[in-house]
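# Overview (structure and organization)
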Amino acid sequence: MSDSRGPSRPSSGSGRDGGSGTGRSRGAGDGASSARKQFPGAQGRSRTNGAGAGKSTGKGSGRSAGASSAAGRSANEGSPKGTSRTARRAGTAGAGAAGASGAARSGAAKNGTAKSGTAKRSTSAAAGSGRGAKGGRGAAKRTGLAAALNYPRAGKKGPLRWFPSLRMFGGAIALIVLLGLGGAVWLYNSTDVPQADDVAVAQTTRVYFSDGKTEMGQFSEVNRTILPNDDIPQTVKDAVVASEDSTFYENRGVSPKGIVRALWNNLRGGARQGGSTITQQYVERYYTGTTTSYTGKVKEMIMALKADQELSKDEILSRYLNTIYFGRGAYGIQAASEAYFGKDAKDLDESEAALLVAVIPAPSAYDPANDKEASAKKWDRVITREVNQTGALTEAQADKLEFPKTTKNKQQNYLEGTNGYLLMMVRSELEREGFTEEEINTGGYKIVSTVSKKDQDITVDTIDGLEDEGRPDANRVGTMSIDPDSGAITAMYGGPDFVKQSINDATQSRMQAGSIFKSFALIAGLENGYGLNSTWDGNSPRTFGGWTVNNFGHTSYGPITLKQATTNSVNTAYAGLNVAMGPEKTRKAAVQLGIPEKTPGLNDDASNVLGSASPTVREMAEAYATIAAKGVHHDSYIVDSVTNPDGSDEYEHKDSSKRVLDEKVAINATVALQGPPSTGSARSVAGVMGGRPVAGKTGTSEKFKSAWFVGFTPQMVTAVGMFQPSEDGKSEEQLTPFGGVSSMTGGAWPATIWGRIMSQTLEGEPIEQFDGEVVLDNQKSSAGNATKAPVTQAPQTKAPTTTQAPTTEEPSKEPTEESSDEESSKTEKPTEEESSKTEKPTEEESDKDDSDKGKDDSKDSDKDKGDDSDKGKDDSKDSDEDKGGDSDKSTGDSGDSKDSGDKSGNSGDDKGSGDKSTGDSGKSSGDKSTGKDSDSDGSK
């Protein structure tokens, strides 16, 4: 067979099979083909042998090499050697084929058959052996990850070999676990516990009276008072653990069982649950804010684990109870206890504690005020769990408990009533000191004010008591009491209810000052060397460069000292003083004592002495306090101290004292100001002060639109202002008399209110005396103009204009403090404080004889007529200014004198203008100043 295959394609078959082994089976294939042509009967065997030979020798390597060699050797032994390389290669191929054929035959013989199928299987085995020898792709040994995972799976065919093996499943699970653990460790280490959420630590800021114990009110966005752990009763702790997390003391911050239970509930479509422990709820409210997402819950659990490691169980529990919302606007157990039971948390019993815990899941739904039945069921659940789950209560103890009664659910407005004005003053002052609104609302500060609870109650009761006197609804009153040695506000009345009337009548409403402004001219005169005994022309009327001034009731006092002019509030004398030294000095004195430079109506006009400016009650109290403090000015204030929740100091008032006035000037001013409350327009005060020395001044504006009394003792200053706004609040109306008073002057109800407040406030306090008169360092040996004829020329050539009366916010420029002719003429009866007729009545006394006037008017001196008539209607206004101003002048003082005198005197004065009433003026000055005169002053 070797010879027969030799001729077939020697260069191709023989060369590839016997050569370097680069051909795979091509030569063998050719040989087989040739054999099939020559020996058809042996086709199957020859093909198989050829294939076997080709595959065995194709590469010439592997385990098959030995078999090929053996076959070759056998073939050579059975045939002569070839002499050429072609013959040798052909022989080798033949030997291979023979070997294979022999093997096939041997197999066939062994199996008792010589079928070609057997030969084929034998050949296939040989072929497989050949593939293994050459390192084929399918049979290569797998290493590394593929071998470890057995993927694709060995020994499997088709899709099954790509199906993951058990080893792959196990590896994947192990990998997930490792990644999970690594991620958890990384997340735990990288998650920091942040600063507490602002809402979580927000607390109610509380304001106290000066005793530091009696609460005045509070500021709050979140009603919460945080309690230390030791101040939270065990009854509350036991109840919340039993109800919310019975394994609290055993778990590590999270509850796997609870998480699985919640997850199963969520998967079934139930209401979403978080499976949260108390620690998780604490973390959620204290740090992260409420969350229901799964990622949020994971973060929450990590932080709960850390919190459990870093904090004690008691600390976690107390923070939770201080943070949780209980309904009724109450955050934390203390606020909840106050809202539901009106008591401190430390006083809660088991039944009350259980109810508060019962409302936690849904405060609105389980509040007894909203659904008592649902609340009772939740309350019973808490008690039952305390017995069965935690053993905090015995069955016997639980049986004795009764459902507790709660207080009425009322949303309180902390600015209601009179304290609302005080609280808003506190807030404003803190904001000026740099506190933000948010800090005030949520800082949990303890603010101690300067306001005395006793003094405040006396003040409020005094004003409220005016209702029994028939006080009209439209009547408005503002008061302010100040300690002159410090500027501390000890009491104030700003209105009846801040919620209903937000304008503070003591700090915001403005009223024309009237004669109380003469005190600033007094100060300026003393500073410029005019002593208390300097004399001034007190006749009425007097003209100053076109400005005519009248005294109340047209009373002429002749030469009068500055001290007497103060006691009787003599307009003409003070007008002369103001013109002599320059009205700018009066304005300057007012500013240095505490009146703001931008006060409406405050100017350098000569008429400023009669009170054209419109200050607030607080401003006047502060200015007079400077006099009482012997020239040392203190800014008035209401906040004494602010303390942080931890007890540390946050703010303390610092003294702002500054000497603005020479002490001797202040002492002499005080001496002069003791006249009005003793024998002058406010003499009613002396009767209620029990012998205490009082200094002060009354004031009444034109047409009785405002009335004042500002006075002081060595220990305290109180200012009282009264006015009546129009229905639309844009202007002022004439004060409606009440309580038996026919003229609403400063000497009437303002002085009465002052006396009632001060006499009770100072009750039990030692009686202190003022210093006596002193000689000023720059006092002139001779001062004043009493001996001179009435001045006809003055620096001011233009009379002040009259405008609409002031509103509570912006006063008018009307300069007079006294009532007009029209108004005074309406008053026929003197005020209750009318004094008996004297030769030289105070300007605020009424002139009973004003009614004489009629005929006397005609007899009035030409001088008066002349003066007044010069002016015509202007004077009338000014005189009204005077009158009014002079109203202090006229009314002013008149007004000042509570007496109808105020009015009537004014009336005299002003009546002089209209009523033709000469009054005492005729008598006292011998002038018999006619009503006409005054008429010409104040003619309509």
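Model, not experiment: these values are computed from the prediction.

Right, let's talk about the sheet that holds strand E7 (residues 476-482) for a bit. Overall, antiparallel pairing links the five strands, which are arranged E8-E7-E19-E18-E17 in an open sheet. Across the chains shown, the open sheet's two edge strands, defined by having one partner strand only, are strand E8 (489-493) and strand E17 (695-700). Shown here is a sheet whose adjacent strand axes are inclined to one another by a mean of 5°, direction ignored. Where E17 lies against strand E18 (residues 706-712), six bridges are found, and the strand directions are antiparallel. Its bridge partner being in E18, Ala695 is matched across the sheet by Phe712.

Attention now goes to the environment of Leu735. Its location among the elements puts Leu735 in the loop between strand E19 (717-723) and helix H31 (749-761). Setting aside residues up to four positions removed in sequence, Leu735 forms contacts with Asn475, Phe704, Lys705, Ser706, Ala707, Met722, Phe723, Gln724 and Met744.

Ordered in space as E2-E1-E6-E14-E15, the five strands form an open sheet in which the pairing is mixed. Either end of the sheet is taken by a strand with one partner, and the two such strands are strand E2 (215-219) and strand E15 (649-652). Averaged over all pairs of adjacent strands, the angle between strand axes in this sheet comes to 20°, irrespective of strand direction. One ladder, built from three bridges, connects strand E1 (residues 205-208) with strand E6 (residues 446-449); its direction is parallel. Residue Tyr208 lies in a different strand from E6, and its bridge partner there is Val448. Against the sheet, helix H21 (residues 419-432) engages E1, E2, E6 and strand E14 (639-643), with an angle of about 55° to E2.

Judged by nonpolar contacts, the single largest core of 85 residues is most densely connected at Ile447, Met480, Phe520, Leu522, Trp547 and Phe712. Excluding residues within four positions of it along the chain, Ile447 makes contact with Thr205, Arg206, Val207, Tyr208, Phe219, Val426, Leu430, Val639, Ser641 and Val642. Within the second largest apolar cluster, 49 residues are counted, among which are Ala336, Ala358, Ile360 and Ala374.

Here we come to a negative patch on the surface. A surface patch of negative charge is lined by Glu221, Glu431, Glu437, Glu438, Glu439, Asp640, Asp649, Glu650 and Glu652. Of all the secondary structure elements, the ones that give two or more residues to the negative patch are helix H22 (437-442) and E15.

One way to put it is that helix H24 (residues 518-527) packs onto helix H29 (residues 663-673) with a least axis distance of 10 Å and a crossing angle of 135°. The angle between H24 and H29 falls in the class oblique. Where H24 crosses over H29, the handedness of that crossing is right-handed. Facing H24, whose interface residues are Ser519, Leu522, Ile523, Leu526 and Glu527, H29 presents Val665, Asn668, Ala669, Ala672 and Leu673. Within the contact of H24 with H29, the residues separate by chemical class into seven nonpolar, two polar and one charged.

Parameters and conventions
- Residues numbered from 1 in each chain as written.
- Predicted model: local features only at pLDDT ≥ 70, side-chain atom pairs only at ≥ 80, totals over all residues.
- Heavy atoms only, no water.
- Pairing = 2+ DSSP bridges.
- Helix = DSSP H or I, 4+ residues; strand = E, 2+ residues; numbered from the N terminus.
- Axes fitted to C-alpha atoms, helices over the stretch in contact; angles between N-to-C directions.
- Contact = heavy atoms within 4.5 Å.
- Core = buried A, V, L, I, M, F, W, Y, C linked by side-chain atoms within 4.5 Å.
- Buried < 20%, exposed > 50% of the residue type's maximum accessible area, 1.4 Å probe, protein only.
- Patch = residues over 30% accessible without salt bridge, like charges linked within 9 Å, V, L, I, M, F, W, Y side chains within 5 Å.
- Areas by Shrake-Rupley, 256 points an atom, 1.4 Å probe, with all protein chains shown as cover.
- Salt bridge = Lys/Arg side-chain N within 4 Å of Asp/Glu carboxyl O.
- Lys, Arg positive; Asp, Glu negative; His and termini not counted.
- Charge placed at Lys NZ, Arg CZ, Asp CG, Glu CD.
- Parallel < 35°, antiparallel > 145°, perpendicular 65-115°, else oblique.
- Left-handed = near helix turned anticlockwise from the far one by under 90°.
- Nonpolar A, V, L, I, M, F, W, Y, C, P; charged D, E, K, R; others polar.

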